[in-house]
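What follows is the residue order along each chain.
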Amino acid sequence: MTEPSIFTRILTGEIPGEIIAETDSLFALRDIAPQAPVHLLVIPKTQEYRSVVELAAGDPALLAELIAFAEKLAAEHTDDGDFRLVFNTGANAGQSVFHVHAHVLGGGLNERSVGA
Ligand code: AMP
């Protein structure tokens, strides 16, 4: 059996984390190392999908839900509702947790570089 990811362990309460919102299928955390004034992570409760590519292929409706949830959270947590959505995909692109998650960055992005 796959080991629970760090996000699953936060979801189950095994380790502490700041869950700020959830739905039946998704939850959102504040990133512990923020790269923007608002830096949230939106995460499917299932850890079945390691990357956004796997999620898109395996459950496109859940990917669409994730994006709608990101928009709602950005509207609630930023003044302007604008946000950058980043899915690091693969270790060489900066992915460190292989339980798919979107970075929602906003609240005053003052440059055009990508990344989270
Ligand atoms: P990635 O590098 O794209 O896989 O993103 C993983 C993200 O998880 C990083 O931005 C980390 O700062 C964040 N992270 C790791 N551990 C925690 C935690 N316990 N609570 C909140 N965010 C975390």
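## Things to note about the environment of Gly17
Item 1. Residue placement: Gly17 occurs in the loop between α1 (6-11) and β1 (19-22).
Item 2. Separated by 15 residues in sequence, Gly17 and Ile32 place their C-alpha atoms 8.4 Å apart.

## Looking at the pairing of strand β2 (residues 26-30)
Item 1. Within β2, four of the five residues are buried, leaving the element largely enclosed by the surrounding structure.
Item 2. Counted along the chain from β1 to the antiparallel partner β2, the turn is three residues long.

## A word on the site of the ligand
Item 1. The environment of the ligand is formed by 15 residues, the closest being Asp31, Asn88, Gly94, Ser96 and His103.
Item 2. At 2.6 Å from an oxygen atom of the ligand is found a side-chain nitrogen or oxygen belonging to Asp31.
Item 3. A distance of 2.7 Å separates an oxygen atom of the ligand from a polar backbone atom of Ser96.
Item 4. If the ligand stood free it would expose 510 Å²; the protein chains cover 84% of that surface.
Item 5. Sorting elements by how many residues they give to the shell around the ligand places α1 first, with three residues.
Item 6. Of the residues belonging to the shell around the ligand, the class tally is seven nonpolar, six polar and two charged.

Cut-offs and rules
Residues numbered from 1 in each chain as written. Predicted model: local features only at pLDDT ≥ 70, side-chain atom pairs only at ≥ 80, totals over all residues. Heavy atoms only, no water. Helix = DSSP H or I, 4+ residues; strand = E, 2+ residues; numbered from the N terminus. Buried < 20%, exposed > 50% of the residue type's maximum accessible area, 1.4 Å probe, protein only. Pairing = 2+ DSSP bridges. Near = heavy atom within 4 Å. Polar contact = N/O pair within 3.5 Å; in protein donor to acceptor, adjacent residues only side chain to side chain. Areas by Shrake-Rupley, 256 points an atom, 1.4 Å probe, with all protein chains shown as cover. Nonpolar A, V, L, I, M, F, W, Y, C, P; charged D, E, K, R; others polar.

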